[in-house]
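# Structure at a glance
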Amino acid sequence: MSAPDPTAALEPRLPSPLQPVDDERFARHGLRLLLKRDDLIHPDIPGNKWRKLTPNLRAAAGRPLLTFGGAYSNHLRATAAAGRLLGCPTIGVVRGDELAHLPLNDSLARCADHGMRLVFVDRATYRRKTEPEVLARLLRDSAPDDAYVIPEGGSNALAAEGCASLGRELRGQADVAAVACGTGGTLAGLAAGLGPDQRALAFPVLKGDFLAAETLRIQRSAFGGRRGAWSLNERFHCGGYARTTPELNAFAAEFEARHGLPVERTYVAKMLWGLTVLATEGAFSPGTRLAAVITGQPDSSSR
């Protein structure tokens, strides 16, 4: 007899809604824009966080969870919320030991409110967190012996397998699935779940050209090799993670007013902006159905 699924009690909204929107910037080029509302899956564990976390929560089977993130990490907040809802302890290793002596920002305060123990480490140590000896020391100093480790952003083979469900939900519904990309796990799974006549288009929110290699590494770990058609467009990161520009903010505000959708700035705005610019540049053939994955909503702690 298989063990009970600990995440079943969380009552997700799946499959997430797929909503068509009327936007002349797409329609004038013969394109159809659809919003894949993964932000509505769960109020505390939305979007790709749900899809990436739940397979890891099942694997953890109630053990304490240790994971990693920056001061404004959506992943830390989602993990903390999941731990509270499932009754398992959580430990968040936070980049930047200088933060230990400052008041908690809204994001980290929410983690603490959910019961997460916050451990602040210096940035040099944080960069080496995946090295076996560094990870062993962090576990020894900060977590119970049976702690289950979830990587930064939640992106591992299990996460990619979870995100493959997103691709499967979009089969037959769109030609191109667009998603913001931070650590590669969502893209790895999305592309693997899509059908052979579909492709995934990712918009990295960080500077650097490492995400293609990281996405491929995750796909190899999860599926044994590259899966699906996918590519990255690196034009719209606005200078790096959590950075914005007046142009991006103006676009997001206009999109909110036009469609009544609150637009999260760190990830979703960059993806929607990139998709809109590419549409106006003629990057998609007339008749293309574009599904934009809305991975989260803004809140008081978003940056």
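In the block above lies the structure referred to throughout.
These lines cover the structure that appears in this document, whether it is placed above or below.

Rules of the game
Residues numbered from 1 in each chain as written. Predicted model: local features only at pLDDT ≥ 70, side-chain atom pairs only at ≥ 80, totals over all residues. Heavy atoms only, no water. Pairing = 2+ DSSP bridges. Helix = DSSP H or I, 4+ residues; strand = E, 2+ residues; numbered from the N terminus. Axes fitted to C-alpha atoms, helices over the stretch in contact; angles between N-to-C directions. Contact = heavy atoms within 4.5 Å. Buried < 20%, exposed > 50% of the residue type's maximum accessible area, 1.4 Å probe, protein only. Expected span 1.5 Å × (residues − 1).

Before going further, it helps to examine the sheet that holds strand E10 (residues 289–293). Ordered in space as E1-E2-E10-E7-E8-E9, the six strands form an open sheet in which the pairing is mixed. Of all strands in the sheet, those bounded by a partner on one side alone are strand E1 (18–21) and strand E9 (229–232). Averaged over all pairs of adjacent strands, the angle between their axes in this sheet comes to 25°, without regard to strand direction. With three bridges connecting them, strand E7 (residues 176–181) and E10 associate as parallel partners. Bridge pairing links Val176 to Leu290 in E10. Sheet strands in contact with helix H9 (residues 211–223) are E7, strand E8 (199–204) and E9, and its direction is about 150° off that of E9. Across the sheet, helix H11 (residues 268–280) lies against strand E2 (32–36), E7, E8 and E10, angled at about 120° from E8, the strand it touches most.

Moving on to the side chain of His75. Here His75 lies in helix H3 (residues 74–86). Given the relative accessible area of 3%, His75 is considered buried. Ignoring anything within four residues of it in the chain, the contact list for His75 reads Lys49, Leu53, Thr67, Phe68, Ile150, Pro151, Glu152, Gly153 and Gly154.

The next subject is the sheet that holds strand E3 (residues 65–69). Taken in spatial order, the four strands line up as E5-E4-E3-E6 in an open sheet, and their pairing is parallel. The open sheet has two free edges, formed respectively by strand E5 (117–121) and strand E6 (148–149), since each of these has just one partner strand. Relative to strand E4 (residues 90–95), E3 runs parallel, the two sharing five bridges. Residue pairing across strands places Phe68 opposite Val93, the latter belonging to E4. Contacting E3 and E4, H3 crosses the sheet at an angle of about 160° to E3. Sheet strands touched by helix H6 (residues 132–142): E3, E4, E5 and E6. Its angle to E5, the strand with the most contacts, is close to 135°.

The periodicity of an α-helix, 3.6 residues per turn, causes residues three or four positions apart to be oriented the same way. The end-to-end C-alpha distance of helix H2 (residues 47–60), which contains 14 residues, comes to 20 Å, matching closely the 20 Å that a straight helix rising 1.5 Å per residue would cover. For H2, the buried fraction is high: 12 of the 14 residues fall into the buried class. In the core, the buried residues of H2 are packed alongside E2, E3, H3, E6, helix H7 (157–169) and helix H8 (185–193). Count one or two residues on from H2 and you reach Ala61, which has phi positive near 50°.

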